[in-house]
Amino acid sequence: MTNPFESISTRTAFPARRNFLKMAGMLGAATLLPGIALARAAPVSSTFAEMDATALAAAIKARKISPAEALEAAIARAQAVQPAINCISEDMYDRARQRAASTDLSAPFAGVPYLIKDEADIAGLARHFGSRLDKVMPIAKRNDVLVERCEQIGLNPFARTTMPEFGILPTTETLAYGVTRNPWNLDHVPGGSSGGAAAAVAAGIVPKAHGSDGAGSLRIPASNCGLVGLKTSRDRIGGGSFLGQSFCLSRSVRDTANQLALVESKGPGAAYAPVGRVTEPSAGRLRIGFIMNGLGGHAPSPEVSESITATLTLLETLGHKVGEARWPFDGAQFVEDFTLVYMAKAKNTRARMSGGGGASPDPVFLKKLIESASFDIGELSEDFSDESVAQAYARMAANSRSYFGLFDTMDILVTPVLLKPPARIGEINGSIPFPILLMRLNNYADYTMLQNASGGPAISLPMHWTKNGLPVGVQFASQLGGERTLLELAFELERAQPWAQRRPPLWAPSHIST
């Protein structure tokens, strides 16, 4: 009998990720929301919509629901809430229906509907990157590595999800595709850059979705939407970029753990020994350090501080040893270096996005199509000398070594994900003048980029909700290759303080009429 959690291990290169710094601030202005009518769907029990992907896959294998029925139900849920949260940038319904009709039920996640972030290559389609530059993007000839592996394990992608332009910001508001909203409160952001994916999973369209993390782009949306968001070790899954790794967002820890066991690279050439399938907490107790202030020295808001304090109390109650730590390097210099390195990448990114083949595209052409922040970053990147970029990389490498040195005396580092709860719509977007935008970013996101620079793994878990009902995630980080420890602790915390059945005010299954 086929082991449903046998890994797909062919190691192939896959697209560079990115996201930006790690910050935010304030602007404002929410727009009037369209009403949501009840969508009609085939008579499929709502029980299936409440399942995580692992349970839904089991139901499909047991023929309690067919792949086609699961797909149509997911499409109906997406159509029901899309007018309110705007999480989908392109549908692929016909492609998904063809796949559903020929589903191999031996695949571990056979027939489970899935969503792909709008930056990954899907054969026969163009990427959009949240930009109006999508008009000149080429058609992909093959799937990205992770897209290919997701399809091999049975997941059925039926749409692309929204993202900020080029994945730069920790919010998802674009000129090209509009504003993506948080199902927990439509006046607030779901995060970014995997904002559409997080909104879709939180709203119950699908139990998990593809995303990527170049400076917190999985962990920030997970924090804002009450989800599990794991940023894997650099090259754990294969390909990726120096800063970015792609994986998934889910509502349950086991969906994340099961998916990692299936898509991580194995065999000759793999960067690490495999994590394998993690199914439960470890019996061992951990040494847990925590740092409250951000890398730039900013103190978190009282609500975020409360989330950390409550989590540390729970960890102590569970028998773990907790102690305070400090950043082992100049955090402000690190943030400056990370920002420079990230912005320097725009020099090549803009040319690639516009099909320029490495040549700089016409600035007049660009300015008409892309957001002002994207344009300004590209212009500023032209001023960075190769020497200054190399020096920034060298300092980040030294900081990474110091960071991993923390794990000589601890197993897990706990920090906030963001300095504040989810920002309001309009506070952070690519149309804000860049100096103001940068200031706001620095006062919002000040933690997650460290794991991208160092390559280490970290996970955001939904440990707290504010008095106003907004999720606030807590970040748990470990040494390079330490995903098993993170997942075992995540299982323990999920068991101690269950979250997977919490539902936002906008819950797609409740908007389906059968």
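Throughout what follows, the structure given in this document is the object of discussion. Treat the numbers as computed from the prediction; the structure is a model and nothing was measured.

A word on the sheet that holds strand 2 (residues 88-91). Sheet architecture is open: three strands sit in the order 2-4-3, paired in mixed fashion. Each end of this open sheet is capped by a strand with a single partner; those strands are strand 2 and strand 3 (113-117). Sheet twist, expressed as the average angle between the axes of neighbouring strands with direction ignored, equals 40°. Note that strand 2 and strand 4 (residues 156-161) share three bridges and pair antiparallel. Its bridge partner being in strand 4, isoleucine 88 is matched across the sheet by threonine 161.

Along the polypeptide, threonine 172 turns up in the loop between strand 4 and strand 5 (173-174). Overall, the relative accessible area of 1% leaves threonine 172 in the buried class. A distance of 2.8 Å separates a polar side-chain atom of threonine 172 from the backbone oxygen of glycine 191. Residues in contact with threonine 172, not counting those within four places in the same chain, are Thr162, Met163, Pro164, Gly178, Val179, Thr180, Gly191, Gly192, Ser193, Gly195 and Gly196.

The next subject is the sheet that holds strand 14 (residues 471-477). Across the sheet, eight strands lie side by side as 7-9-8-13-14-12-10-11; this open sheet has mixed pairing. Each end of this open sheet is capped by a strand with a single partner; those strands are strand 7 (208-213) and strand 11 (321-324). The average undirected angle you get between the axes of adjacent strands in this sheet is 25°. As judged from the three bridges shared by strand 8 (residues 228-231) and strand 13 (residues 458-465), these two strands associate in the antiparallel manner. Bridging from a neighbouring strand, leucine 230 pairs with isoleucine 459 of strand 13. Contacting strand 7, strand 8 and strand 9 (245-250), helix 7 (residues 253-263) runs over the sheet at an angle of about 150° to strand 9. Running over the sheet, helix 16 (residues 483-496) touches strand 8, strand 12 (412-416), strand 13 and strand 14 and is turned about 15° from strand 13.

What follows concerns the pattern of salt bridges. Scanning the model with the defined rule gives 18 salt bridges in all. Residue arginine 160 is joined to aspartate 118 by a salt bridge in which the shortest nitrogen-to-oxygen separation is 3.4 Å. Highlighted residues: arginine 160 in strand 4 and aspartate 118 in the loop between strand 3 and helix 4 (145-152), separated in sequence by 42 residues. Both residues of the pair, arginine 160 and aspartate 118, count as buried. Across the salt bridge formed by glutamate 483 and arginine 236, the nearest N and O atoms sit 2.9 Å from each other. Of this pair, glutamate 483 sits in helix 16 while arginine 236 sits in the loop between strand 8 and strand 9, placing them 247 residues apart in sequence. A residue is classified by how much of its surface remains accessible, and glutamate 483, at 0% relative accessible area, is buried. The class of arginine 236 is buried, set by a relative accessible area of 2%. One connected set of salt bridges, linked through shared partners, spans Glu72, Asp94 and Arg97.

Scoring rules and cut-offs
Residues numbered from 1 in each chain as written. Predicted model: local features only at pLDDT ≥ 70, side-chain atom pairs only at ≥ 80, totals over all residues. Heavy atoms only, no water. Pairing = 2+ DSSP bridges. Helix = DSSP H or I, 4+ residues; strand = E, 2+ residues; numbered from the N terminus. Axes fitted to C-alpha atoms, helices over the stretch in contact; angles between N-to-C directions. Buried < 20%, exposed > 50% of the residue type's maximum accessible area, 1.4 Å probe, protein only. Polar contact = N/O pair within 3.5 Å; in protein donor to acceptor, adjacent residues only side chain to side chain. Contact = heavy atoms within 4.5 Å. Salt bridge = Lys/Arg side-chain N within 4 Å of Asp/Glu carboxyl O.

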